[in-house]
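Notes for the structure review
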Amino acid sequence: MHVHRTYRAKIRNHSQVEQMLDLHGWSASKLWNVANYHSRQVWEETGEIPDDSDLKRELKGHDNYKGLHSQSSQRVLEELAEAFNSWYGKRKNDSRANPPGYRKKNYYDDNGNRVHEEHPRSTVTWKQKGIRHDPKHNRVRLSKGANHKEHPRDWDYILVEYETRPDVTVENIQQVRAVYDTAKGRWELHLVCKHEVETPDAPGTETAGIDLGICNFAAVAYSTEEADLYPGNRLKQDGYYFPKEIAKCDDSGGKEATRLHAKWSERRTHFFHSLAKHIVERCVERGVGRINIGKLNGVREDENRESKNWGRRGNLDLHGWAFDRFTKILTYKAKVEGIEVIEVSERDTSKTCCACGREDDSQRVERGLYVCEECDAAFNADVNGAENIRLDINQRNSESAGQLSGDRSTGWLAQPGVYLHDLSHGFSPREQVVDCKP
């Protein structure tokens, strides 16, 4: 089994390569802006968004495309296309959503007139064809863009010497990312390496179901008759705090705004990795061999495939959380432990009683409470959905769906364990469910 790990590395010869990395970082911003302008024009004229293949065909001959190695330029266009697709999904429910912005910093005089514009240093990604690795001397050769070769005999690469932690072995590099740290005023490398590890046996034959949502980011139900809730309070707090702070910045592309965006992204990523790690650890403890997780369209669409409207605040919260990204992280971490992750349909899981199989929209009386009039049971609503996902009720016929209860107690369904996130310690338990609302 192959896994990918990313290692952060300090650049030892920073003074020697800083200028050339600056040129490539600025080139990446210029290419982003050119492609952004083109995408906006296509959108205004046709109502459609060009995908990355369209952008590559259109801009392959552009001068800014040649500022980077071809694969590096392709990655910039891929990121822009992803950003536009994300914006397109947001605008269905939030008319205030703005398309991806331009990467630029503006400088003004005392009268408020713009006197200078500068492109920030964007992250530059080199893929395998643009990398030559010298592991013996901890060096990588990163291919230059054609526009940054001073003359035909100039070296066609940037020779970067790096330093990682003593316990890190850098081999089988798949990608190298040059990332500019605005706080330190320095570049650093992120080395993405592929490692081959032995595929372990599954911890057991038990199963788990995960329901992703707005109030609780994840609800997990186990076949061992246990359940856990993971409130998204930390994400919601960040989702309100950082946009407000960014809006206060004089320049949306300036140093302070860029720093806030980076910090917000880092905290989100930390939350996703901490959550996935904690869930996988709990699954290993319980002998889980398979995790069912709700497909994303169950969160974003109703049964008629129309976008759900959760209200202005709800839509803002929902789109601030990358459910698909979390699923990928969870799948990766579970695979390392021999656990299989399967996406299943969420259709009807929130309105079906997991104990008796009765389906009724009115049974979810509150966001956090599910009451079944048929079997007189009361559950936490998100755990009920997670248990239905674990059982994969949409793969069962209506007769068997009514035979799921047996002698199962509703205690663990009504009072799941609750884990809250702490930036320094990860997830810690809270003894009882008091209220699912943040």
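- Looking at an unreviewed UniProt entry, one finds the protein chain named Transposase, is605 orfb family and attributed to Natrinema versiforme JCM 10478.
- Under the UniProt heading Sequence similarities (unreviewed entry), the entry covering the protein chain gives this text: "In the C-terminal section; belongs to the transposase 35 family."

**Some points on the overall build of the protein chain**
- In terms of helices and strands, the protein chain carries 11 helices and 18 strands.
- When each of the 438 residues of the protein chain is scored for burial, the buried share is 45%.
- Looking at the protein chain alone, contacts between residues at least 24 apart form 66% of all its contacts between residues at least 6 apart.

**Quick word on helix α8 (residues 323-336)**
- Here α8 contains 14 residues, and its C-alpha end-to-end distance of 20 Å stays within 8% of the 20 Å for a straight helix at 1.5 Å per residue.
- Within the span of α8, buried status applies to F323, F326, T327, I329, L330 and A334. The buried residues of α8 occupy an angular sector of 165° when projected down its axis, which confines them to one face.
- Positive phi shows up at G338, right after α8, with a value of about 80°.

**Let's talk about the sheet that holds strand β1 (residues 2-11)**
- The seven strands lie next to each other as β4-β8-β9-β1-β7-β6-β5, forming an open sheet whose pairing is antiparallel. Strand pairing shows two members of the sheet lacking a second neighbour, β4 (124-127) and β5 (131-134), which therefore form its edges. Sheet twist, expressed as the mean angle between neighbouring strand axes with direction ignored, is 30°.
- Where strand β8 (residues 173-181) and strand β9 (residues 186-196) come together, eight bridges link them in antiparallel fashion. Across the sheet, residue D181 finds its bridge partner in β9, namely R186.

**As for the side chain of N380**
- Its location among the elements puts N380 in strand β16 (residues 377-380).
- When near neighbours in sequence (up to four residues on either side) are disregarded, N380 contacts L229, G368, L413, A414 and P416.

**Describing the pattern of salt bridges**
- Counted by the stated rule, this structure contains 20 salt bridges.
- Salt-bridge contacts for K127 lead to E78; the nearest nitrogen and oxygen are separated by 3.5 Å. Of the two residues, K127 is situated in strand β4 and E78 in helix α3 (residues 70-91); the sequence distance between them amounts to 49 residues.
- In this structure, D167 engages R165 in a salt bridge whose closest nitrogen and oxygen atoms are separated by 3.1 Å. For the pair formed by D167 and R165, the shared burial category is exposed.

**A word on the packing of aromatic side chains**
- Under the criterion given, the structure shown has 15 aromatic pairs.
- Centroid distance F84 to W87: 6.0 Å. Interplanar angle 85°. Geometry classified as edge-to-face. Taken together, the residues F84 and W87, both in helix α3 and three residues apart, mark about one turn of the helix.
- Ring pairing ties together the aromatic residues F217, Y230, F271, F272, F323, F326, Y419 and F427, which thus form one cluster.
- Across from the ring centre of Y180, 4.4 Å away, lies the NZ or CZ of R121, which sits over that ring.
- Between the NZ or CZ atom of R268 and the centre of the ring of W264, over which it lies, the distance is 4.8 Å.

**Focus on the packing of helix α2 (residues 52-59) against α3**
- Running from amino to carboxyl end, α2 crosses α3 at an angle of 135°, the nearest separation of the two axes being 9 Å. With respect to their mutual orientation, α2 and α3 come out oblique. For the element pair α2 and α3, the recorded crossing hand is right-handed. Contacts between α2 and α3 involve D52, L55, K56 and L59 from the former and Q74, L77, E78, L80 and A81 from the latter.
- Residues of the contact of α2 with α3, tallied by class, amount to five nonpolar, one polar and three charged.

**So, the pairing of strand β10 (residues 206-212)**
- For β10, the tally of buried residues reaches six of seven residues, placing the bulk of the element in the interior.
- Sheet topology note: the β10/strand β13 (residues 288-294) ladder contains five bridges and is parallel. For G209, the partnering residue across the bridge sits in β13 and is N292.
- Summarising the sheet, β10 and strand β11 (residues 216-222) pair through five bridges and their orientation is antiparallel.

Rules behind the numbers
- Numbering of residues starts from 1 in each chain and follows the order in which that chain's sequence is written.
- Residue-level local features of this predicted model are given only where pLDDT is at least 70; pairs of side-chain atoms are given and counted only at 80 or more, and the full residue set underlies all totals for whole chains, interfaces and linings.
- The side-chain quantities take in all heavy atoms of the structure and omit both hydrogens and water.
- UniProt positions are given in the numbering used here, feature names are shortened, and annotations may be inferred rather than shown by experiment.
- Only DSSP runs of H or I reaching four residues or more are called helices, and only runs of E reaching two or more are called strands; each is numbered from the N terminus.
- Exposure is judged per residue with a 1.4 Å probe applied to protein chains only, and the accessible area is read against the type maximum: over 50% gives exposed, under 20% gives buried, and values in between give partly exposed.
- Working rule for contacts: check all heavy atoms of both residues, and any pair within 4.5 Å makes them a contact.
- One less than the residue count of a helix, multiplied by 1.5 Å, gives the span that helix is expected to have.
- Read the arc as the range of directions from the helix axis to the C-beta atoms.
- When DSSP locates at least two bridges between a pair of strands, those strands are taken to pair.
- Axis geometry follows a simple rule: fit a line to the C-alpha atoms, using only the stretch in contact for helices, then measure angles between N-to-C directions, giving values from 0 to 180 degrees.
- Here, a salt bridge means any side-chain nitrogen of Lys or Arg that lies within 4 Å of a carboxyl oxygen of Asp or Glu.
- Pairs were defined over the aromatic rings of Phe, Tyr and Trp, the Trp ring being its six-membered one, requiring ring centres within 6.5 Å. Orientation was assigned from the angle between planes: stacked under 30 degrees, edge-to-face over 60, tilted for the rest.
- Two conditions define a charge sitting above a ring: the NZ of Lys or the CZ of Arg must be within 6 Å of the ring centre, and it must be within 35 degrees of the ring normal.
- By the definition adopted for this analysis, an angle is roughly parallel if under 35 degrees, roughly antiparallel if over 145, roughly perpendicular if from 65 to 115, and oblique otherwise.
- Crossing handedness: left-handed means the near helix sits turned counterclockwise from the far one by under a right angle, and right-handed means the same turn made clockwise.
- In this count, Pro and Cys sit with the nonpolar residues alongside Ala, Val, Leu, Ile, Met, Phe, Trp and Tyr, while Asp, Glu, Lys and Arg are called charged and the others, Gly among them, polar.

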